[in-house]
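Summary of structural features
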Amino acid sequence: MNNTRISPTRHRRPLVKASLVLIAVLGVVGCSGSENSASPTDSAAEVPEVSPPISEPTATTTTTDATPDVTSPTGTDAPAGNQLLPDDALLVFQRGGIRVSDATGDSEVEVVPDHPDSEHPDWSPDGLSILFDTEFSTIWSVPSEGGDVEELVTCVAPCANLYEGAWSPDGAQIAYAMAETQDGTNTARSSIQVLDLATGASRSVYENTSGTVWLFTPRWSPDGRLLAFTSYKNGRPVVYLRNLLTGKEREVAAFPGLNMCGSFSPDSKKLLLTLSKDGNEEIYSLNVETMKLTRLTNNYAIDVSPAWSPDGGKIVFVSNRSGTPQIFIMDAGGQNVNRVTFKGNYNTSPSWSPRGDRIAYEGLIDRKYQIFTVDTEGNNPTQLTFDEADNEYPSWSPSGRQIVYSSRRGSKTRICIMNANGQNMRILLGDQNGLAMPSWSPRMSR
């Protein structure tokens, strides 16, 4: 591993002391790496017609057509004037290099200057370092306050490509996908590698030598024992699970049709999957110890985008079982399915608040996407944005005090932040092409 000294270029005021971190990556807004934002249809105009409702055998579903009134922000918990609630934050984004800014945009540090090919910045679990890659060939790390850029792994023949890395929960390892070629043209070997940052040694934890196989960046379980990843083998996605302690590897979903890997439960005991093996997309839970697969939804409709609540007790998902895409919540075992969105005919991209008491989402109103929140019972829906842009991909700050989102006008995108009640919106990054969905880092202290 090699070190290169880069002196950070500072702009405006010095950085504030940070306890939170926010990430916004410059690129194409899309679903790659964000399956929890997938929708059951590509557009509102393409929502399929559905049959009369079929009751779920093990769940109680709210089917009332009553629509709760959607309110505007009350502002009762917002400070006076144009202020964000106190919630120190840093933002990392790509613009000619990699830059770190506070959440107000008033302080900025260029930690990797003048390198337009720097992509996929990702905060370490402690928030002190940033992982990024260049030209699908090298994975680097840099201190979030600027300093030595460290080359962690580089692609040397027969390696053809390296794909963005993923931090282990303890920050001691990096998992990444690698493709190798034979005679410089045809892919001969694809693998998942794990890099030990203390020793600089990589080890292969999965290999496929059957030719062209697409691999996607693996997901770590919260306890760091397991890696879940998807391999496109023979044009079909297959989900694998690897136990890093025992070295045991399992093919957990290789069914006909869609096999989509979701997230681990907070206690690392279960893995959410979206499968179409029974004819349409349904949500399943895999017990990672017993390998028992439990079907959580049982409906004629499309059920996708599952996400665990912070305590692991509930799952939010998107379904068109009511005729159009709407947001539903169920218990972790699939019982007590309740619809929580009623206004509008297209609601998607649900995001849990850190306390698990509200859901932020985007809804299509008058042909524009706007940001809303609603409680977990479907009560007190609140519209937070009202402008003429498409406001999408809401994400809560770790404290729950702020929401960051993407605001798109034509080909230009802004990254905006506001208090969780919708007041005091600030533009962080403005009017650029292809600004991607932002996300927050874990809490940290300095």
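Described in the following lines is the structure provided in the data block.

Thresholds applied
- Residues numbered from 1 in each chain as written.
- Predicted model: local features only at pLDDT ≥ 70, side-chain atom pairs only at ≥ 80, totals over all residues.
- Heavy atoms only, no water.
- Salt bridge = Lys/Arg side-chain N within 4 Å of Asp/Glu carboxyl O.
- Helix = DSSP H or I, 4+ residues; strand = E, 2+ residues; numbered from the N terminus.
- Buried < 20%, exposed > 50% of the residue type's maximum accessible area, 1.4 Å probe, protein only.
- Disulfide = S-S within 2.5 Å.
- Core = buried A, V, L, I, M, F, W, Y, C linked by side-chain atoms within 4.5 Å.
- Contact = heavy atoms within 4.5 Å.

Let us now look at the pattern of salt bridges. According to the stated counting rule, one finds 14 salt bridges in the structure shown. One salt bridge connects lysine 314 with aspartate 331, and the closest N-O pair in it is separated by 2.9 Å. Here lysine 314 is found in strand S26 (residues 314-319), whereas its partner aspartate 331 is found in strand S27 (residues 326-331), with 17 residues between them in sequence. Judged by its relative accessible area of 31%, lysine 314 falls in the partly exposed class. The shortest N-O distance in the salt bridge between arginine 409 and aspartate 387 comes to 3.9 Å. Of this pair, arginine 409 sits in strand S34 (residues 402-409) while aspartate 387 sits in the loop between strand S32 (382-383) and strand S33 (390-396); the two residues are 22 residues apart in sequence, bridging distant segments of the chain. Look at aspartate 387 and you get partly exposed, because its relative accessible area is 26%. Members of the salt-bridge network, linked through shared partners, are Lys277, Asp278, Glu282 and Arg295.

To continue, consider the state of the cysteines. Here, the word disulfide means a covalent bond between the sulfur atoms of two cysteines. Going through the model one piece at a time under the given rule, you end up with one disulfide. Each sulfur of the disulfide joining cysteine 155 and cysteine 159 lies 1.8 Å from the other. The chirality of the disulfide connecting cysteine 155 with cysteine 159 is left-handed, given an S-S dihedral of about -100 degrees. Cysteine 159 carries the same exposure label as cysteine 155, and that label is buried.

This next bit is on the nonpolar core. By size, the foremost hydrophobic cluster in this structure holds 16 residues, and its most contacted members are Ile192, Trp220 and Leu227. Contributing elements (two or more residues each) for this core: strand S13 (173-182), strand S14 (186-196), strand S15 (202-208), strand S18 (226-233) and strand S19 (236-243). Sorting elements by how many residues they give to this core places S13 first, with three residues. Beyond its immediate stretch of four places on either side in the chain, leucine 227 contacts Ala175, Ile192, Val194, Val205, Pro218, Arg219, Trp220, Tyr240, Leu241, Arg242 and Leu244. Listed in part, the 15 residues of the second largest apolar core include Ala228, Ala253, Leu275 and Tyr284.

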